[in-house]
Amino acid sequence: MNCTQARQHWHLFHDSEGDAELHLQVNEHLEHCPECARWFQQQIVLEEAITHSLVSGMEPTAAIWSRIEQQLVPPQPARIKKWLLFGSAALTLLVASLLIAVSIENSSSPAPELAALSVAVHDKLTSGREEPNFVSSSHVDIEDYLKQHVSFPVRCPPREDAGFEARGGGTCRLANDSAAYVVGQVDGESVSLFILSRDSLSHFPELQAIPQRQRTRHQRHGAHDILLMEFDQNLVLAVGKVRAERLQRLLDAYGSYPHDHSVKSVRQRAS
Amino acid sequence: MKDDGDKCERFLLHLRPLQGALEAFCRRSVYDVSLVEDVLQEAVTRAFRDFGLFAEGTNFRAWIFRYAHLGILESNRGFLTRRHQPLEVEPAVEDEWNLGGDDSLLHTLLESPEILFEHCADDLIHAVLQLQPVDRAVLLLKGIGEFKYREIAEIVGVPLGTVMSSLSRARQQMRQALTKTRGGQGGLPRQTGDGSHTNP
Ligand SMILES: [Zn+2]
Ligand SMILES: [Zn+2]
């Protein structure tokens, strides 16, 4: 493959299209041709900058989508029926969870609905397709932001001592409920925390099937682990591609700090 | 009644994660910005009506973007008819990238893309609207929807080869728009409505 041929195939290469043989040949050429390697790199930078400028700042307009959804949603009785169904499902779950050893690994699942919705937001925030509303590494500032932007009480997010490096926070909708989120990293992996009002429980009938003694529940959604917990006046979800134990540590840290904001985060003191 | 409720819940479960991308696709495609909500509303309503035909486990993303694509075409055709504007035929673009010569642009971009794009974002948004409908759809489905060529071919209803040539042409024209100074060309459709994307 010569330079012209390699460059002609740039689109296919960039878009991960075409067959493996082509990618092999292009890669081989790039290894031996620094000029093309540089040229390919430049194309990628330019193409991504163009795409970014077309897409950036585009978030779904809540008002538009709520009007669109309202036209689709039938009146509520369907939910009640589903609830009844869940009555028996709850019993099955309860029996099942009594049989299974009490471990967060195999416990019953949170509502697939809530799991899927939170993973979708998590993906959007961590893929860079969307920035958090409020970018900050200070848990104190994030907490203040959240408290000003949601109507329900929000407790202290986890801090560095729980292995959590905050990147920002914001608000989003999960189904018809508003939620606060905090995004950050644990062991170099992106993790999101979603905080809802505990009242939201009643909007996800599935969740009401949680046996009361079992506060934390675990589910996998694709490559993500999701832990869910009721805490004080909140429903808290931790989402990420990290071990469930690490997520559990975040949930344990949530709201556990004494409310003394005179001590800033470790990072802030260090800098 | 129960079936209706289930259908609705299942539909929304699929739809909600895609709302941002669907809206962005429409915003960047529809000539008359004031019609974005109508186009979305119509596309979603039609898709919901046909949702019984959608096979669970198949590609909902591609499926619903096709409705959005058709809605955009329809809306833009109406716009052009009202304005008595024919669809412009773009001049053929040579296959070679002609960016190699503009090293200063590339240098600026490599240094700090965001600085350049603060000044060029409007030009790029305008340039997208000047693309041929199929070229624009292919470019945006790739950029916003992150679809594979095969999926784009299905959504737009064109052969795979057309997707590739359209994408190549559209990318080339976006680059040309970057190197051009503003205001050189008039007469092509620009977004109207709330005016947020209308050049002075
Ligand atoms: Zn070469
Ligand atoms: Zn605090």
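Everything below is about the structure printed above this text.
Colleague: Now, about the coordination of the zinc ion (ligand 1): what can you tell me, with residues and values included?
Modeller: Each angle at a metal carrying four tetrahedral donors should ideally be 109.5 degrees, and each at a metal carrying six octahedral donors should ideally be 90 or 180 degrees. Residues and elements named next belong to chain A. Only C3 (SG), H29 (NE2), C33 (SG) and C36 (SG) from the protein reach the zinc ion (ligand 1) as donors, at distances of 2.0 to 2.3 Å. Classification of the site at the zinc ion (ligand 1) rests on its four donor atoms, whose angles at the metal span 103 to 112°, yielding the label tetrahedral. Motif for the zinc ion (ligand 1), donor spacing along one chain: C-x25-H-x3-C-x2-C. Placement of the pair is C3 in helix 1 (residues 3–8) and H29 in helix 3 (residues 20–32), with a sequence separation of 26 residues. Classification of C3 by relative accessible area gives partly exposed; the value is 33%.

Colleague: So what's going on with the interface of chain A and chain B? Residues and values would help.
Modeller: Tallying the contact residues gives 46 residues for chain A and 50 residues for chain B. Of the roughly 4,500 Å² buried where chain A meets chain B, counting both sides, 66% is carbon and sulfur surface. It is A:L54, A:W65 and A:L72 that lose the most area in chain A upon contact with chain B, and together they represent 16% of the buried surface on that side. At the boundary of chain A with chain B, the tally comes to six salt bridges. Note that B:R171 is salt-bridged to A:D15, the shortest N-O span being 2.9 Å. The tally of links between chain A and chain B comes to 17 residue pairs in polar contact (both at pLDDT 80 or more).

The rules behind each value
Residues numbered from 1 in each chain as written. Chains lettered and ligands numbered in written order. Predicted model: local features only at pLDDT ≥ 70, side-chain atom pairs only at ≥ 80, totals over all residues. Heavy atoms only, no water. Donors = N, O, S within 2.8 Å, 3.2 Å for Na, K, Ca; no water. Tetrahedral: all angles 85-135°; square planar, octahedral: opposite > 155°, others 65-115°. Helix = DSSP H or I, 4+ residues; strand = E, 2+ residues; numbered from the N terminus. Buried < 20%, exposed > 50% of the residue type's maximum accessible area, 1.4 Å probe, protein only. Contact = heavy atoms within 4.5 Å. Buried area = accessible area lost by both parts, 1.4 Å probe. Salt bridge = Lys/Arg side-chain N within 4 Å of Asp/Glu carboxyl O. Polar contact = N/O pair within 3.5 Å; in protein donor to acceptor, adjacent residues only side chain to side chain.

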